[in-house]
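Here is how the chains run, residue by residue.
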Amino acid sequence: MGADMSMFRRLVVLLVVLGGSGRGWAGDRPTYERDVRPIFKAYCFGCHGAGEKLEGGLDLRLRRFAVRGGESGTAIEPGAPSTSFLLQRIREGEMPPGEKKVPPNLVESIERWIATGATTLRQEPESLPPGIEITPEERAFWAFQPIRRLAPPFFGASDRVRTPIDGFLLARLRERGLSFAPEADRTTLIRRASADLTGLPPSREEMEAFLADDSPDAYEQMVDRLLASPRYGERWARHWLDVAGYADSDGNGNDDTTRPYAYKYRDYVIRAINRDMPLDRFLIEQMAGDELVPRPWKNLSAEQVEILAATGFLRTAVDGTSTGASDEALAANQVVADTLQIVGSTFLGLTVGCARCHDHRYDPIPQSDYYRLRAIFEPALDPQHWRRPVQRLVSLATDADRARSAQIETEAQRLQKVLDEKTQKLVAAALEKELKKFPEGPRERLRQALRTPPDRRPAEQKALLDANPSVLISPGTLYQYDPAAAEELKKDSAAIAARRAQKPIEDFVSVLDEGAGALPVTHVLHRGDHRQPTRAVAPGDLTIAAPEGSRFEIPNDDPSLPTSGRRLAYARHLTSGHHPLVGRVLANRIWLHHFGRGLVETPGDLGALGRRPSHPELLDWLADELVRRGWSLKQMHRLIMTSTVYRQSSRRDPARGDTDIGESLYARFPIRRFDAESLRDRMLAVSGRLDRQMFGPPVPVSEDDVGHVLPTGRPTRRSIYLQVRRSRPVSFLDAFDSPMMTVNCEQRTLSTSAPQALMLMNGDFVRDQAGAMADRVIALVPGGPEESRWPRWIAQSWDLAYGRSISAKERELARSFVSRQLAALGPNGKPGETHRAVLTNLCQQLLSSNEFLYVD
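Since the model is a prediction, treat every value here as computed from it, not as a measurement.

Engineer: Sorry, what's going on with the overall build of the protein chain here?
Structural biologist: Helix and strand content of the protein chain: 32 helices and 8 strands. Principal-axis analysis of the C-alpha atoms gives the protein chain an extent of 120 × 85 × 55 Å. Evaluated residue by residue, the protein chain yields a buried proportion of 52% over its 856 residues. Counting contacts in the protein chain only where the partners sit at least 6 residues apart, residues at least 24 apart contribute 69% of the total. Summed over all atoms, the accessible surface of the protein chain reaches about 38,800 Å², with 53% contributed by carbon and sulfur. Looking at the protein chain, you have 116 positive and 114 negative side-chain charges, and the mean spots of the two groups are 2 Å apart.

Engineer: Looking at this structure, I do not really get the environment of Ser687. What am I missing?
Structural biologist: Assignment of secondary structure puts Ser687 in helix α25 (residues 676-687). Distance in space between the C-alpha atoms of Ser687 and Ala244 is 32 Å, their sequence separation being 443 residues. Sequence-distant contacts of Ser687, that is, excluding residues within four places in its chain, are made with Gln769, Ala772, Met773 and Arg776. Side-chain polar atoms of Ser687 contact the side chain of Gln769, separated by 3.2 Å.

Engineer: How should I be thinking about the pattern of salt bridges in this particular structure?
Structural biologist: Opposite charge on two side chains permits them to pair, given that their charged atoms come into close proximity. Scanning the model with the defined rule gives 67 salt bridges in all. Between Glu234 and Arg718 there is a salt bridge, with its nearest N and O atoms 3.1 Å apart. Here Arg718 lies in the loop between β7 (709-711) and α26 (731-735) and Glu234 lies in helix α11 (residues 230-244), a separation of 484 residues in the sequence. A relative accessible area of 2% means that Glu234 is categorised as buried.

Engineer: Just to check I follow, could you spell out the nonpolar core for this structure?
Structural biologist: For soluble globular proteins, the rule of thumb is that nonpolar side chains tend to be buried together. Grouped together as the largest cluster of nonpolar side chains are 119 residues, with contacts concentrated most on Ile165, Trp240, Met287, Phe313, Trp591 and Leu622. In terms of domain composition, this core takes at least three residues from each of domain 2 (157-228 + 597-664) and domain 3 (278-396 + 512-580).

Engineer: Hey, could you run me through the state of the cysteines in this one?
Structural biologist: What is meant by a disulfide is a covalent connection between two cysteines, made through their sulfur atoms. Tallying each qualifying case throughout the model produces 0 disulfides. Looking at Cys47, it has no disulfide partner, and the nearest cysteine sulfur is the one in Cys44, 8.6 Å off. When its relative accessible area of 31% is taken as the criterion, Cys47 is described as partly exposed.

Engineer: Would you take a moment to explain the environment of Asp369 for this structure?
Structural biologist: Along the chain, the position of Asp369 falls in helix α16 (residues 367-377). With relative accessibility at 1%, the residue Asp369 sits in the buried group. The spatial distance from the C-alpha of Asp369 to the C-alpha of Arg572 is 19 Å, given a sequence separation of 203 residues. Each residue touching Asp369, except ones within four places of it in the same chain, is listed here: Leu542, Thr543, Ile544 and Arg551.

Engineer: Before we go on, may I ask you to explain the packing of aromatic side chains in this structure?
Structural biologist: We describe a pair of aromatic rings using the distance from one ring centre to the other and the angle between the two ring planes. Applying the stated criterion to the full structure yields 24 aromatic pairs. Between Phe595 and Tyr646, the aromatic rings sit 5.9 Å apart at their centres with planes inclined by 85°, giving edge-to-face as the arrangement. Residue Phe595 is found in helix α22 (residues 582-595), and its partner Tyr646 is found in the loop between α24 (633-641) and β5 (672-673); the two are separated by 51 residues along the sequence. Neither residue differs from the other here; Phe595 and Tyr646 are each classed as buried. Each ring, one from Trp790 and one from Trp793, has its centre 5.0 Å from the other, and the planes form 80°; the classification is edge-to-face. You can see Trp790 and its partner Trp793 sitting in helix α29 (residues 786-802), 3 residues apart, about one turn around the helix.

Engineer: What is the right way to look at helix α23 (residues 616-628) in this model?
Structural biologist: Three- or four-residue spacings in an α-helix give side chains the same orientation, since the helix completes a turn every 3.6 residues. With 13 residues, α23 extends 18 Å between its outermost C-alpha atoms, agreeing within 8% with the 18 Å of an ideal straight helix rising 1.5 Å per residue. Regarding α23, the residues found buried are Leu618, Leu619, Asp620, Trp621, Leu622, Ala623, Glu625 and Leu626. Each element contacted by the buried residues of α23 is listed here: α7 (164-175), α13 (279-288), α22 and α24. Immediately beyond the C-terminal end of α23, within one or two residues, lies Gly630, with a positive phi of roughly 70°.

Engineer: Help me understand the packing of α13 against helix α21 (residues 566-574), please; the structure alone is not making it clear to me.
Structural biologist: Any two packed helices are characterised by how steeply their axes cross, that is the angle between the axes, and by the distance between the axes. Two elements in contact, α13 and α21, have axes whose closest approach is 9 Å; the angle formed by their N-to-C orientations is 160°. Taken as axis vectors, α13 and α21 run roughly antiparallel relative to one another. Remark: the crossing between α13 and α21 carries right-handed chirality. Between α13 and α21, the residues in contact are Leu283, Ile284, Met287 and Ala288 and Arg567, Leu568, Tyr570, Ala571, Arg572 and Leu574, respectively. Residues of the contact of α13 with α21, tallied by class, amount to 8 nonpolar, no polar and 2 charged.

Engineer: I keep staring at the packing of helix α8 (residues 186-198) against helix α10 (residues 218-228) and nothing clicks. Help me out?
Structural biologist: Orientation of α8 relative to α10, taken along the N-to-C sense of each, is 25°, at an axis distance of 10 Å. By the angle between their axes, α8 is roughly parallel relative to α10. For α8 against α10, the interelement crossing comes out right-handed. On the side of α8, the interface is formed by Arg186, Leu189, Ile190, Ala193, Ser194, Leu197 and Thr198, while α10 contributes Ala218, Tyr219, Met222, Val223, Leu226 and Leu227. Residue classes in the contact of α8 with α10 are distributed as 10 nonpolar, 2 polar and 1 charged.

Engineer: Hey, could you run me through the side chain of His594 in this one?
Structural biologist: Structurally, the position occupied by His594 is in helix α22. A relative accessible area of 0% places His594 in the buried class. Polar contacts involving the side chain of His594 include one to the side chain of His637, which spans 2.8 Å. Residues in contact with His594, not counting those within four places in the same chain, are Asp196, Leu197, Trp236, His637, Ile640, Met641, Tyr646, Phe669 and Arg672.

Engineer: Would you take a moment to explain the environment of Leu690 for this structure?
Structural biologist: Here Leu690 shows up in the loop between α25 and β6 (701-703). It is 9.7 Å that separates the C-alpha atoms of Leu690 and Arg680, two residues lying 10 residues apart in sequence. Apart from the residues lying within four places of it in its own chain, the contact partners of Leu690 are Leu200, Asp681, Leu684, Ala685, Thr716, Arg717 and Arg718.

Engineer: Quick question: what am I supposed to make of the side chain of Arg718 here?
Structural biologist: Overall, Arg718 belongs to the buried group, its relative accessible area being 3%. Looking at Arg718, its side chain comes within polar contact range of the main-chain oxygen of Thr198, at 2.9 Å.

Engineer: It is not clear to me how α22 should be interpreted in this structure. Could you clarify?
Structural biologist: Here α22 contains 14 residues, and its C-alpha end-to-end distance of 20 Å stays within 8% of the 20 Å for a straight helix at 1.5 Å per residue. The buried fraction of α22 amounts to 13 of the 14 residues, a majority that puts the element mostly inside the structure. Gly596 occupies a position one or two residues after α22 and carries a positive phi of about 80°.

Engineer: Teacher, can you tell me more about unusual backbone geometry here?
Structural biologist: The phi torsion of most residues other than glycine is negative, and most of the peptide bonds are trans. In this model, Met95 is joined to Pro96 through a cis peptide bond whose omega is -10°. One can find Pro96 in the loop between α4 (85-91) and α5 (104-115). Backbone torsion omega between Arg295 and Pro296 reads 0°, so that peptide bond is classified as cis. As for its position among the elements, Pro296 is in the loop between α13 and α14 (302-310). With a phi angle near 60°, Arg160 is a residue other than glycine that sits in the positive phi range. Looking at the secondary structure, you find Arg160 in the loop between α6 (136-139) and α7. Residue Arg160 is classed as partly exposed on the basis of its relative accessible area, which comes to 30%. In this structure, Arg527 is a non-glycine residue whose phi angle is positive, near 55°.

Calculation criteria
Residues numbered from 1 in each chain as written. Predicted model: local features only at pLDDT ≥ 70, side-chain atom pairs only at ≥ 80, totals over all residues. Heavy atoms only, no water. Helix = DSSP H or I, 4+ residues; strand = E, 2+ residues; numbered from the N terminus. Buried < 20%, exposed > 50% of the residue type's maximum accessible area, 1.4 Å probe, protein only. Contact = heavy atoms within 4.5 Å. Areas by Shrake-Rupley, 256 points an atom, 1.4 Å probe, with all protein chains shown as cover. Lys, Arg positive; Asp, Glu negative; His and termini not counted. Charge placed at Lys NZ, Arg CZ, Asp CG, Glu CD. Polar contact = N/O pair within 3.5 Å; in protein donor to acceptor, adjacent residues only side chain to side chain. Salt bridge = Lys/Arg side-chain N within 4 Å of Asp/Glu carboxyl O. Core = buried A, V, L, I, M, F, W, Y, C linked by side-chain atoms within 4.5 Å. Domains from an automatic or database assignment. Disulfide = S-S within 2.5 Å. Phe/Tyr/Trp six-rings, centres within 6.5 Å; stacked < 30°, edge-to-face > 60°. Expected span 1.5 Å × (residues − 1). Axes fitted to C-alpha atoms, helices over the stretch in contact; angles between N-to-C directions. Parallel < 35°, antiparallel > 145°, perpendicular 65-115°, else oblique. Left-handed = near helix turned anticlockwise from the far one by under 90°. Nonpolar A, V, L, I, M, F, W, Y, C, P; charged D, E, K, R; others polar.

Spatial relationships are all this shows, so hold off on functional conclusions.
This is the structure:
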């Protein structure tokens, strides 16, 4: 269903992009460049322009080529659509071949263009080189323009404009006769800010301190306290790990091999965000951390280990080669393709993967540009000299660790030698004792057989020993003959094992780095097939990402570095502050996670099939401001969260004439459901069971008897520390739309579904947290019989769940609920157990309520 809906959305957007380009036939006259070429590019160029071979000799890349036609004659007759052969073939469904046909409204666009004379915007060239060129219209697309910083509209103090953000948004609101909503109350503001920055509810102490603070900058100080919390890094790392495609397993079919050291990348992200690492440095380390740490990689400092761990960003893709693959070359090429898709959506906000097999149908990305990007990464991700995950581990053992291990091993071997000699004597003694049970003749024959090496024993000796197995005494059977001596064997062996256990444990970090040997040559692959390489290409950025004629080129090999330097050069180029895409993509994602929607609602696709920005001037201003503020994520949080638009109430007020139905104008704060991890963590927090330990290996997951996937070991840790098994998503998180990391997650979909209701009503996790919350309430309200404590229990439950006092109406409803529950359960149990069961039921109702599930 998800894939179908995604395809449907893309089709709708495509129809808007292409079909709406006619701008009304009573007005502008349709032209080839603006109105028809995009249709031909999406549906026809694959056979008639993109490749070196033209099907039927027909080239549709220029209007005059179409008039000239191919082997079947002229393709279009300007002014005469009824006799235009191309239009006839399209109408009859014969072109394009296959299932993908031109929609009727686009066919009509082509017909009207032909009918009005098949005009062009400008004079066409005499010839074109092979492939699809980038047109001026494509270069004029908003996302490929240089970022422009416009001055925000000016408003007076009475307009509640606190930041430039407010100025941009209020100008749009005034166009619709709207204004900002009233400011939210303080309780709502701290709940909202805590949810955004930590993913957890504020504590009672935090709530009381903020509500009691009457200083003019109380709100700003509260935001700063949340930004300083270690919980902040955990919350915002989850956002980044989504788009990075993080998982703790390889996704190699049913094996789904675990990645035991992947968590070090997760921990790197948390630490980097907590200390507000500038985002340009954050990007560079993830793209090329290995090129920043000089070799040899021995006796690495903690900082160097972190930089190497950062390259885990380029190792998040599914890897079908981890335990071998039936076609390793195919699997390796797929790893490279998925990695490029992750890089493209994360930093460029484009579907670059659509240019893997042919020129991009909708965006100006030639197939050659896709392989220029691939050439940047291929020295480290070389399918011709592929390295499996286990071959990409770097030992963290220091010289001191190795020396210590060698010393312990030497001592253990000395102890083992002494033990072996002692054991042999005990075995010999036990044998002599056993041999004395035999008459002298057989005794000597048995002794002689035992002295003969097994591979040289004649048949008679073998038969003799087979008939008398009691003389086959070894260290393993010594306990049958001399239990006391064997027990003393046993103690000595345990001592040796204990000594060996004192060796420093060898740890590893998974690193993406370049292999030894000559640098690979990257080729364009015909139709994306690794078995069909064509022309070679050099590394570089997308042609469209720079002004015409100034495409960013990367040297094949940087002589100043021990590596090729390709990824490092590209990362520095992306973070130069002049790239048209990176700043917009990052600013849009920051906005998305504060408001539940981006200024561009398709954060992974700023191209033709993506949505247009609702506030393009604001997006560009934020992208520029991010650079001006030293790429500081925390400063961007402060800027956004101190704005009036962020501090608005979420309540719709019909009296204000509120027409912002889709909430795209930000006339009020948008209500949104907590994501899966925040829901789980909030339940653990209010129940008092949340384990706040940071970092380290993930909590394993396993299936229970009914097939639910649950965390084991330390199940109350924050959700970011739960193991992410691609084949075994945690059932609670899965029900609430935690993403499946087939590649990566550009944006989460928050649904409302029956499995969620079932999880809240019947799930063991929710029920367990409700019980723990009930116990916490009982402990916080001691003294007196249960009947007299119910009013305080009810009030305390509201305080824990919602961080506010209970209203009179809510108190009445809660008392009614409790009374009915006590009447139903009272006759069937002990009084104390009954009261706890009823309180548990009440707490479960609160944990399942909209006020707990949603942030406003």
